[in-house]
Number of protein chains: 4
Amino acid sequence: MREAAVLPVQDEEARSGGRKPGRPRSERAERAILDAALELFGESGVAGVCIEAVATRAGVGKATIYRRWPGKQDLLLDALSTLKSPLPEPHGESVRDDLLAILRVMVSDMADPVRARRFTLLLGEGEAHPLLMARYKERVVEPRRDVIRSVLRRGIASGELRRGIDVETAMLMLTGAVVACGRDIRPLPEDFAERLVDEALLGLVHRPAVR
Amino acid sequence: MREAAVLPVQDEEARSGGRKPGRPRSERAERAILDAALELFGESGVAGVCIEAVATRAGVGKATIYRRWPGKQDLLLDALSTLKSPLPEPHGESVRDDLLAILRVMVSDMADPVRARRFTLLLGEGEAHPLLMARYKERVVEPRRDVIRSVLRRGIASGELRRGIDVETAMLMLTGAVVACGRDIRPLPEDFAERLVDEALLGLVHRPAVR
Amino acid sequence: MREAAVLPVQDEEARSGGRKPGRPRSERAERAILDAALELFGESGVAGVCIEAVATRAGVGKATIYRRWPGKQDLLLDALSTLKSPLPEPHGESVRDDLLAILRVMVSDMADPVRARRFTLLLGEGEAHPLLMARYKERVVEPRRDVIRSVLRRGIASGELRRGIDVETAMLMLTGAVVACGRDIRPLPEDFAERLVDEALLGLVHRPAVR
Amino acid sequence: MREAAVLPVQDEEARSGGRKPGRPRSERAERAILDAALELFGESGVAGVCIEAVATRAGVGKATIYRRWPGKQDLLLDALSTLKSPLPEPHGESVRDDLLAILRVMVSDMADPVRARRFTLLLGEGEAHPLLMARYKERVVEPRRDVIRSVLRRGIASGELRRGIDVETAMLMLTGAVVACGRDIRPLPEDFAERLVDEALLGLVHRPAVR
DNA sequence: CAATAATCGAGACGGTACGTCGCGTCTTGGG
DNA sequence: CCCAAGACGCGACGTACCGTCTCGATTATTG
C-alpha cells in the first residue's frame, strides 16, 4: 500500500495549489514497477516477485521501489489491487434479492484468481502488519458486512425474517462460507451465491418451507 | 514428510528383529526439532521457520534436519500435525448434538490465541507455500469437514434434516463462520457454537419452528 | 576547482561594471559548503565527505555543490586550501633562521591535533584519490618545499653551506622528519624545529663544528 | 588482517591436537580470494577492489570473504602483504655501512610499488583503525627504528659520531626522508640511501670534511 | 515594470556496492 | 551410520551515496 495512501487527503496535490517540494515522483516509473510486478507474479507466483527482479525488469533503481513501498508484500498488494468492486445498493424489494446481490459480488471477487490471491495474501500478512489489515478491513470488509447486516435487520423489521435471528452470526455464516469456498474450491460453482442464500434462508431442519 | 515414511514399514524395523546398521536416529533430536519449529511458527509464522533458526534453537545440526525432512514445508507439516485437537466421534443421537460437538472443538481451537494465530498465519501464507497448504488441508481440514458432511448426510437419511440440503454449502457455512469469527472477534463468544448451529438449523425466514 | 576559475578574469566582473544576468551565486551557500566539508573531513576523513552529507549539513541542495565543483575531490581541495598556514618569507639573514622559520610553521601545523589529523587522513587516502593528492601537493606541499629549496640554494651560493649538498635529499630529510614526528609523537616537542635544524646543519660525524 | 591473526596463538591448530569443530575453511577459496583481489588491484587500483567483484572473480560467495575479513581494507592489507623484508643485522664495522644496510632495505621496500602502496594504505587507515596501526608499528616500524637507534648509539659510544647527537631526531630525519621520498618520487633514485646517509653524516654547513 | 535568466532548496531518478541473512549442500572429528 | 558444528556457493535483502534531473520559488539584470 502506498505510503501516501495513509494520509487522509483524497487529492494529494490539489489542496490550495500546494505541492511537495522537490522533483515529483515519476508516474512512468510507478506504472513500470507495477506492470513488472504483475508480470513476474503471473510468471512465477509470489516467490518470483523479488524486488531486484522487479527493478531490473522495470528499468528502475531499487531505491525507486523502496521509496514508494516499504516491502515486497505492500508492492504486491498494490499491484494486485484492482479497484474493489462497487457495492450494490440493496433495492429493498426482498431480502433474498438483496442478499444475492451483495453475495454475488463477493463470490465473483473470490472467483477471480487474481483478486482471490490478493485477498489471501493480505490475510496472511494480517498478523505481521496489523495496521495494514485494519485499514483493509475498514475500507473493504466492513462496508460489505454492513450491507448484509442492514439487509438482515430490515428483513426482521419488515417481518420477512423471524425475530430471533442473531444478525452477527448469520452474517458470519454467509461471508465465511464465501471465503472458505473461495479458498478451497477452484473454480467456484457459478451458482454458489444462490445456493448459499437459499440454504441460509431455509435452514437445515426438515419442515415445510413457509414462503 | 519423513523420507522413511515412503519406505515399506517392514524395511524399517520388522526384519526379524534386525536393525539398520550404524547409530540409530536420536528421538531427542526429533522432538527438539519439532518443538523448535512450532515455537518459531507461533512467533513469526512460516517466514520465521528458517531451518537455521530451528537447528539453533533445537541445538541440532542442520544436516540432522535435512536427513529427516526434505524441506521446510515438510517439517512444518509434521510439526503442525501434532497440534490438531482430536476429533470427537459423533454419537448419532441427534444432528444438533453431533454438530455442536465438532463445532465446539473448532471454536475452542480458534479461541486459543496461540492456535488461532498459527492457523491464521498458515492460511495467509498458503499462497506462498501451496504444497504445505495442500497437505495441511488433506491432513487437518478435510477430516473435520468429513465429520460434518457425514453428520449432515446421516441427518438427511434419518429424516431429521430436510432432503434438499446442499451438504457442501451447508458445511462451508458452518466452518466458514467459525474461521471468520475467529479471525475477527476476540475473544470469541463462549456460546458461538450453539448460536451457529441453531441459526443454521432454523434458517432465517420467518415461520414456526418445526422441532 | 571552481569552474569559473578557468574563465579569464575579465569575463567575470570587469566588463565595464556589467554582471552576468540571473541570480548571482550565494556566498553564504559557498561558505557553508566549505565549512561543512571541512567539518566532515575532520570527523571521518575523505570517506566521510559525501556530497549528500555536505549538502545536508550545509543546508544546501546537492546541485548547488555540483554547480561549483565537479566532484568530491575538487571540493575537498578547495576546502583544504583554506587551511594552509601562510608561508613566512625568508629574510635571508642566515640559513639557520630561515630554515627555522619555515620548519616552525610546519611543526606547529603538525602540533595542532586537528590539522595533523587532517593531514594524516589526507596522506593515507592519497592512494585512493590520486588527483586530490596531486593537487594538494601542487598547492600546499610544493610551495613549502620550494621555500626550503631556495633557502638551501641561497646558502650554497652565499658560501654559508658547503657546495656538495644534495638539495633535494636535504629537503626531504627536513620535511620528512617533521611528518614522521607529527605522526608518531604526541605531543610534539616544542623545540623540535630547532633540534631538527641543528642536527641537519651539523651532521652526525664527530668533528669540531666550524661555525 | 585476518581475525585469527589477532589471537596470540602462533600455530592456530597444533595446540594439543585440538581443532575447531565443523568444516574447516577452504584453503582453495582463500587463495582464490587473495589472487582475485590482487588481480583487481593491479587492474584498477584500490577503487577496483569491490567485494562483489572479488567474489565473482574468485568464484566464491561474498559471505566466504566476510567470514575471513571484516572489510575491504583488511582484505587488501592481507592481499598486499608480502612478508616484510628481513632486517639486516648491523655488522658494526662502520656507522655508515650499518645505516646504509638498513636504509637500503627501507628504500627498496618503498621502491616496490606494491609494498609502497600497501604502506600508504595502511597509514591512511591508521586513523580509522588505531589497533591495526598499533600492531603494524609494533611489528614492522619500531624494529627498524630500533636498528637505527642502536647504530647511532653505538657510533656515539665508539667515538665515530659526535657526542651531542639527538638520536631520536636524527632517526626521524633518516626514516622520514625515506617515507617522504617514497611517497613523492617515482621511481625512487637508486642511490637514495647513499645520498641520504652521506647528507646526514656530513651536515649542511660549509667546512672541510673530517673523515 | 515586466520579462528574462540563473540560482536556490528539495528531492526523485537509474545505478553500484555494501554488508547481512537464509538457503540447501558438503565436510570435518567424534560417538 | 548418526551427531554437532560450521564452511561452502548462491542469491535476495534493504541501505547508502553516487552524479544527474526536475520541480516551484527567489533574486538580480535587462528591455
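Since this is a predicted model, take the numbers as computed values, not measurements.

A. Here's a closer look at the overall build of chain A. Secondary structure assignment for chain A yields nine helices and zero strands. In sequence order, chain A lays out its α and β elements as α-α-α-α-α-α-α-α-α. Expressed as a percentage of the 211 residues in chain A, the buried residues total 48%. A separation threshold of at least 6 residues defines the contact pool for chain A, and within that pool the share at least 24 residues apart is 64%. Carbon and sulfur atoms make up 53% of the accessible area of chain A, which totals about 11000 Å².

B. Molecular detail of the protein's contact with DNA strand E. Every one of the 42 residues lining DNA strand E counts as a neighbour, but A:Arg67, B:Lys62, B:Tyr66, C:Arg67 and D:Tyr66 are closest to it. Sugar plus phosphate: this is where 65% of the atoms of DNA strand E within 4 Å of the protein reside. Between DNA strand E and the protein, one listed contact pairs a phosphate oxygen with a backbone N or O atom of B:Ile51 at 2.9 Å. Put simply, the parts of the chain that give the surface near DNA strand E at least two residues each are helix H3 (62-66) of chain A, helix H3 (51-58) and helix H4 (62-68) of chain B, helix H4 (62-66) of chain C together with helix H2 (51-58) and helix H3 (62-66) of chain D. By residue number, the principal contributor to the surface near DNA strand E is H4(B), which donates three residues. In the surface near DNA strand E, the residues fall into 14 nonpolar, eleven polar and 17 charged.

C. Examining the confidence of the model for chain A more closely. In the predicted model, chain A carries a mean pLDDT of 80, and 78% of its residues have values of at least 70. Predicted confidence is poor over residues 1-16 of chain A, with pLDDT under 50, and the contacts of this stretch with residues over four places away or in other chains come to 22 contacts.

D. Structural view of the protein's contact with DNA strand F. In the vicinity of DNA strand F lie 44 residues, with A:Lys62, A:Tyr66, B:Arg67, C:Tyr66 and D:Arg67 positioned nearest. A breakdown of the atoms of DNA strand F within 4 Å of the protein gives sugar and phosphate a share of 67%. The separation between a base oxygen of DNA strand F and a polar side-chain atom of A:Lys62 is 2.6 Å. Taking B:Arg68, its side chain carries an N or O atom lying 3.2 Å from a phosphate oxygen of DNA strand F. For the surface near DNA strand F, the leading source of residues is H4(B), giving four residues. Residue composition of the surface near DNA strand F, grouped by class: 16 nonpolar, ten polar and 18 charged.

E. Quick look at the packing of helix H1 (residues 27-48) of chain A against helix H4 (residues 72-80) of chain A. All names here are of chain A. H4 packs onto H1 with a crossing angle of 100° between their chain directions and a minimal axis gap of 9 Å. Put simply, H1 runs roughly perpendicular to H4. Contacts between H1 and H4 pair Ile33, Leu34, Ala37, Leu38, Phe41 and Val46 from the former with Leu75, Leu76, Asp78, Ala79 and Leu80 from the latter. Among the residues forming the contact of H1 with H4, the class breakdown is ten nonpolar, no polar and one charged.

F. Up close: the environment of A:Asp166. Structurally, A:Asp166 is set in the loop between helix H7 (130-157) and helix H8 (167-184). Beyond its immediate sequence surroundings of up to four residues, A:Asp166 is in contact with B:Arg195 and B:Glu199.

G. How the structure looks around the environment of A:Pro189. Residues and elements named next belong to chain A. Looking at where proline 189 falls in the secondary structure, it is placed in the loop between H8 and helix H9 (192-202). Judged by its relative accessible area of 21%, proline 189 falls in the partly exposed class. Note: C-alpha distance between proline 189 and alanine 111 (78 residues apart in sequence) is 8.8 Å.

H. Geometry of the nonpolar core. C:Val54, C:Ile65, C:Leu75, C:Leu103, C:Ile148, D:Leu103 and D:Ile148 are the most contacted members of the largest nonpolar core, which has 106 residues in total. Apart from the residues lying within four places of it in its own chain, the contact partners of C:Ile65 are C:Ile33, C:Ile51, C:Val54, C:Ala55, C:Val60 and C:Leu75. Residues B:Ala36, B:Ile65, B:Val179 and B:Leu196 belong to the second largest nonpolar core, which totals 105 residues.

I. Molecular detail of helix H9 (residues 192-202) of chain D. Inspection of H9(D) places D:Phe192, D:Ala193, D:Leu196, D:Val197, D:Glu199, D:Ala200 and D:Leu201 among the buried residues, and these make up the whole buried set. Considering only its buried residues, H9(D) is in contact with helix H9 (167-184) of chain C together with helix H5 (95-111) and helix H8 (167-184) of chain D.

J. Molecular detail of the state of the cysteines. In total, this model carries zero disulfides over all chains according to the counting rule given. A:Cys50 carries a free sulfur, and the closest cysteine sulfur to it, the one in B:Cys50, is 18 Å from it. A residue is classified by how much of its surface remains accessible, and A:Cys50, at 36% relative accessible area, is partly exposed.

K. Spatial organisation of the environment of C:Gly92. Residues and elements named next belong to chain C. Of note, glycine 92 is situated in the loop between helix H5 (72-81) and helix H6 (95-111). Residue glycine 92 is classed as partly exposed on the basis of its relative accessible area of 41%. Through-space distance from the C-alpha of glycine 92 to that of alanine 170 is 18 Å; in sequence the pair is 78 residues apart. Glycine 92 has contacts with Asp98 and Arg154, leaving out every residue within four places of it along the chain.

L. Structural detail: the pattern of salt bridges. Residues and elements named next belong to chain B. Applying the stated rule across the entire model yields 59 salt bridges over all chains. Residues glutamate 39 and arginine 57 are paired through a salt bridge, measuring 2.7 Å at the closest nitrogen-oxygen approach. Residue glutamate 39 is found in helix H2 (residues 27-48), and its partner arginine 57 is found in helix H3; the two are separated by 18 residues along the sequence. You can call arginine 57 partly exposed: its relative accessible area is 39%.

M. Main features of the packing of H5(D) against H9(D). Residue and element names in this part refer to chain D. Direction vectors running N to C along H5 and H9 enclose 135°, while the axes themselves pass 9 Å from each other. It follows from the interaxial angle that H5 and H9 lie oblique. The way H5 lies across H9 gives a crossing that is right-handed. Facing Arg96, Leu99, Leu100, Leu103, Arg104 and Val107 of H5, the residues of H9 in contact are Phe192, Ala193, Glu194, Leu196, Val197, Asp198 and Leu201.

N. Region of the structure containing the side chain of C:Arg68. All names here are of chain C. Relative to the assigned elements, arginine 68 resides in the loop between H4 and H5. On the basis of relative accessible area, arginine 68 is assigned to the buried category, the value being 2%. Of the polar contacts made by the side chain of arginine 68, one reaches the backbone oxygen of serine 26; its length is 3.1 Å.

Thresholds, definitions, all that
- Residues numbered from 1 in each chain as written.
- Chains lettered and ligands numbered in written order.
- Predicted model: local features only at pLDDT ≥ 70, side-chain atom pairs only at ≥ 80, totals over all residues.
- Heavy atoms only, no water.
- Helix = DSSP H or I, 4+ residues; strand = E, 2+ residues; numbered from the N terminus.
- Buried < 20%, exposed > 50% of the residue type's maximum accessible area, 1.4 Å probe, protein only.
- Contact = heavy atoms within 4.5 Å.
- Areas by Shrake-Rupley, 256 points an atom, 1.4 Å probe, with all protein chains shown as cover.
- Near = heavy atom within 4 Å.
- Polar contact = N/O pair within 3.5 Å; in protein donor to acceptor, adjacent residues only side chain to side chain.
- Nonpolar A, V, L, I, M, F, W, Y, C, P; charged D, E, K, R; others polar.
- pLDDT = per-residue confidence, 0-100.
- Axes fitted to C-alpha atoms, helices over the stretch in contact; angles between N-to-C directions.
- Parallel < 35°, antiparallel > 145°, perpendicular 65-115°, else oblique.
- Core = buried A, V, L, I, M, F, W, Y, C linked by side-chain atoms within 4.5 Å.
- Disulfide = S-S within 2.5 Å.
- Salt bridge = Lys/Arg side-chain N within 4 Å of Asp/Glu carboxyl O.
- Left-handed = near helix turned anticlockwise from the far one by under 90°.

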